[in-house]
Amino acid sequence: MGLQTLGAAPAAPVSLSDAKAWLRVGHAGEDAAITALINTAVSRVEAETGRALLIRNFRETLDGWPIRRLSGCGSAFALAVAPAVSVEAVRIFDRAGGVTLWDAEEYRVDASADPGRLIARAPFAFPRPGRLAAGIEIDFTAGYGETASDVPPALIEAVLRLVAEGYAASEPSLATARGPARLPETVESLLRPFRQVRL
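Residues numbered from 1 in each chain as written. Predicted model: local features only at pLDDT ≥ 70, side-chain atom pairs only at ≥ 80, totals over all residues. Heavy atoms only, no water.

Novice: Where do I start with the environment of glutamate 146 in this structure?
Specialist: Take glutamate 146: it is sitting in the loop between strand S9 (136–142) and helix H3 (153–168). Given a relative accessible area of 67%, glutamate 146 falls into the exposed group. Expressed as a C-alpha distance, the spacing of glutamate 146 and isoleucine 67, which sit 79 residues apart in the sequence, is 30 Å. (Helix = DSSP H or I, 4+ residues; strand = E, 2+ residues; numbered from the N terminus. Buried < 20%, exposed > 50% of the residue type's maximum accessible area, 1.4 Å probe, protein only.)

Novice: Help me understand unusual backbone geometry in this model?
Specialist: For residues other than glycine, phi is negative in most cases, and the peptide bonds are mostly trans. In the segment running from alanine 82 into proline 83, the intervening peptide bond is cis, with an omega of -15°. Relative to the assigned elements, proline 83 resides in the loop between strand S4 (75–78) and strand S5 (84–93). Following aspartate 114, the chain continues to proline 115 via a peptide bond in cis, the omega torsion being 5°. Topologically, proline 115 is positioned in the loop between strand S7 (107–110) and strand S8 (117–120). The residue arginine 24 is not glycine, and still its phi comes out positive at about 60°.

Novice: Is there a simple way to explain the sheet that holds strand S2 (residues 56–62) in this structure?
Specialist: Two strands in a sheet stick together by hydrogen bonds in their backbones, pointing the same way (parallel) or opposite ways (antiparallel). Taken in spatial order, the five strands line up as S1-S2-S9-S5-S6 in an open sheet, and their pairing is antiparallel. Every interior strand has two partners, whereas the edge strands, strand S1 (2–6) and strand S6 (99–101), have only one. Each adjacent strand pair in this sheet contributes to an overall mean axis angle of 25°, direction not counted. Note that S5 and S9 share seven bridges and pair antiparallel. If you follow isoleucine 92 over to S9, its bridge partner there is isoleucine 136. (Pairing = 2+ DSSP bridges. Axes fitted to C-alpha atoms, helices over the stretch in contact; angles between N-to-C directions.)

Novice: Just checking my understanding: could you explain the nonpolar core for this structure?
Specialist: Buried together is how nonpolar side chains tend to be arranged in soluble globular proteins. With 25 residues, the main nonpolar core has Val45, Val159 and Val163 as its most contacted residues. If you list the elements that add at least two residues to this core, you get helix H1 (16–23), helix H2 (31–49), H3 and helix H5 (185–191). Per element, the largest residue contribution to this core is seven residues, and it comes from H3. Those residues in contact with valine 45 that sit more than four places away from it in its chain are Leu53, Leu155, Ala158, Val159, Leu162 and Leu191. Counting residues in hydrophobic clusters, the runner-up holds 20 residues, among them Phe58, Ile92, Phe140 and Ala142. (Core = buried A, V, L, I, M, F, W, Y, C linked by side-chain atoms within 4.5 Å. Contact = heavy atoms within 4.5 Å.)

Novice: Teacher, can you tell me more about the pairing of S7 here?
Specialist: On a regular strand, each side chain points to the face opposite its neighbour's, so the side chains alternate between the two faces of the sheet. Pairing analysis gives four bridges linking S7 to S8, with the strands arranged antiparallel. When the bridges of S8 are listed, aspartate 110 appears paired with arginine 117.

Novice: Can you walk me through the environment of leucine 160 in this structure?
Specialist: If you trace the backbone, leucine 160 turns up in helix H3. For leucine 160, a relative accessible area of 11% puts it in the buried group. Distance from leucine 160 to alanine 19, taken between C-alpha atoms, is 6.3 Å for residues 141 residues apart in sequence. When residues no more than four places from it in sequence are discounted, the contact partners of leucine 160 are Val14, Asp18, Ala19 and Trp22.

This is the structure in structure tokens:
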């Protein structure tokens, strides 16, 4: 199972000027270090929550469908990143490496679920790949929106607090590279409501 971002990454949801205002830094001498801390903090928040702060395209690769039965009749597959916006393509590979697109008429995308999910229109009708490994590829779009104003304020604050944590570290280069080993309790409390509950 793998996940990759398709295309160029969006700009960070926290600008350098906003981070500097939060840190009360008025000079440009540490702009590169603060930018690196922003990128590290955004990555950490996204990894901890399973969410894309700004909208972008992903490709999820699977060996098989880890599906879950729905109440009543049917089954669903939860996408790896929330909040889901759309699914562009589902490719199924056969044993020889040939690829077939799963007809979008045969499934629906429930973007209102958290995380978003694919639901087969016929009960338990997820197509089986012939290839034993990486037999399924799903191209989908996820994220809160295109600008920082679309992102929940608590997640923006979590990023800013992680930037401040890294900036205050006694070894800034180490903080920039790895971020804090454990999340501060204030950040943990901000992220807790956003952590994904998988199907």
